[in-house]
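One letter stands for each residue in the lines below.
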Amino acid sequence: MRSTVSFYICLVLCLCLGLACVVCVSVWNSHWRGGFAWDGSSHQFNWHPVLMVTGLVVLYGIGAVLYRVPLTWGQNKLPWKLLHAALMLLSLVLSIIGLCAVFDFHNAHKNANLYSLHSWIGIAVTALFAIQWVFGMAGFLLPWSPTSLRVLLKPIHVWMGGSILTLSIAACISGINEKLFFVLSGNQTYSKLPPEGVLANMLGVLIVAFGLVVLKILSNHKWQRPDSRPEDINYTPILQEENE
């Protein structure tokens, strides 16, 4: 009972921190950075942090902890598999749109692409996420996937999930710092910590806190779905479940 209560406290904290991340990044780019557009201007760039934080961090983290909710344990896994896959796909799509926004902006202003550590981490983690989703679909959702393949993929899938979240957080933190060094100048330099700098720093703190709570949930073996623990190696593909 105590473990279940602790889980729901962490889950509520996770959801609150995720919502705070989305609100904070949206306020930053709408109030201080001038809003949003898709015309090659700096307003188009503003979509990049909003979509990456929302997709690659918040939705991804929520999708990752979905199977840990105790209320789902005694129920058919089919709807939860569908919801997990859908959340991850939505997260991936938002991340790709966020990348398109920044590439279009750079190309419109003839700026170089993929030269910073932030951009290297960001493009790498999005590529890993896409690979993870494809292998997850092929390994766990398709009826012709053999049990031996699913058993092999399961620990890799779990490890990759946590690694992608960690790299996503690193990409967001480095991106926030990079953006602040670019835009804060004159009397409003980053070193003087103007209000915009304070808000962006708080966004970074919220992202790290959200990630730590998600990783705490994922690392607690007591909060694993009972039929997903290592000793249970029987996995049923989604399309096979529909026919049973």
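Quick notes on the rules
Residues numbered from 1 in each chain as written. Predicted model: local features only at pLDDT ≥ 70, side-chain atom pairs only at ≥ 80, totals over all residues. Heavy atoms only, no water. Helix = DSSP H or I, 4+ residues; strand = E, 2+ residues; numbered from the N terminus. Rg over C-alpha atoms; globule rule 2.2 N^0.38 Å. Buried < 20%, exposed > 50% of the residue type's maximum accessible area, 1.4 Å probe, protein only. Contact = heavy atoms within 4.5 Å. Areas by Shrake-Rupley, 256 points an atom, 1.4 Å probe, with all protein chains shown as cover. Lys, Arg positive; Asp, Glu negative; His and termini not counted. Charge placed at Lys NZ, Arg CZ, Asp CG, Glu CD. Polar contact = N/O pair within 3.5 Å; in protein donor to acceptor, adjacent residues only side chain to side chain. Phe/Tyr/Trp six-rings, centres within 6.5 Å; stacked < 30°, edge-to-face > 60°. Patch = residues over 30% accessible without salt bridge, like charges linked within 9 Å, V, L, I, M, F, W, Y side chains within 5 Å. Salt bridge = Lys/Arg side-chain N within 4 Å of Asp/Glu carboxyl O. Expected span 1.5 Å × (residues − 1).

From N to C terminus, the protein chain includes 8 helices and 0 strands. Taken from the N to the C terminus, the helices and strands of the protein chain come in the order α-α-α-α-α-α-α-α. Relative to the globule expectation of 18 Å for 244 residues, the C-alpha radius of gyration of the protein chain, 20 Å, shows essentially globular dimensions. Here the protein chain holds 244 residues, and the buried ones make up 46% of them. Long-range contacts, defined here as pairs at least 24 residues apart, represent 75% of the contacts in the protein chain between residues at least 6 apart. Accessible surface, the protein chain: about 12400 Å² in total, of which carbon and sulfur atoms supply 72%. Each charge class in the protein chain can be summarised by its mean position, and for the 14 positive and 10 negative side chains these summaries are 9 Å apart.

With that settled, the discussion passes to the environment of T72. Here T72 is to be found in the loop between helix 3 (47-65) and helix 4 (78-108). The sequence separation of T72 and R225 amounts to 153 residues, and the corresponding C-alpha distance is 8.3 Å. When near neighbours in sequence (up to four residues on either side) are disregarded, T72 contacts L66, Y67, W80 and R225. A distance of 2.7 Å separates a polar side-chain atom of T72 from the backbone oxygen of V69.

Moving on, we come to unusual backbone geometry. Most peptide bonds take the trans configuration, and most residues that are not glycine carry a negative phi. Non-glycine residue K110 carries a positive phi angle of around 55 degrees. In the Ramachandran plot, L114 falls in the positive-phi region, its phi being about 55 degrees despite a non-glycine side chain. Structurally, L114 can be placed in the loop between helix 4 and helix 5 (117-141).

The relative placement of two aromatic rings is captured by the distance of their centres and the angle of their planes. Enumeration according to the criterion identifies 6 aromatic pairs in this entry. Taking the centre distance of 5.3 Å and the plane angle of 80 degrees together, the rings of F7 and Y8 count as edge-to-face. On the basis of relative accessibility, which here comes to 0%, the residue F7 falls in the buried class. A relative accessible area of 26% places Y8 in the partly exposed class. Between the aromatic rings of F7 and W223, the centroid separation amounts to 5.5 Å while the plane-to-plane angle is 75 degrees, which identifies the pairing as edge-to-face. Of the two residues, F7 sits in helix 1 (residues 2-32) while W223 sits in the loop between helix 7 (195-219) and helix 8 (238-242), which places them 216 residues apart along the sequence. Note on accessibility: F7 and W223 belong to one class, buried.

Side chains of L128, I131, V134, F135 and L167 sit close together on the surface and give an oily, nonpolar patch of about 420 Å² of accessible area. No other element matches the 4 residues that helix 5 contributes to the nonpolar patch. The topology assignment puts L128 in helix 5.

Between its first and last C-alpha atoms helix 4 spans 45 Å; for 31 residues at 1.5 Å apiece the expected length is 45 Å, and the two agree. Residue K110 follows helix 4 closely and has a positive phi angle near 55 degrees.

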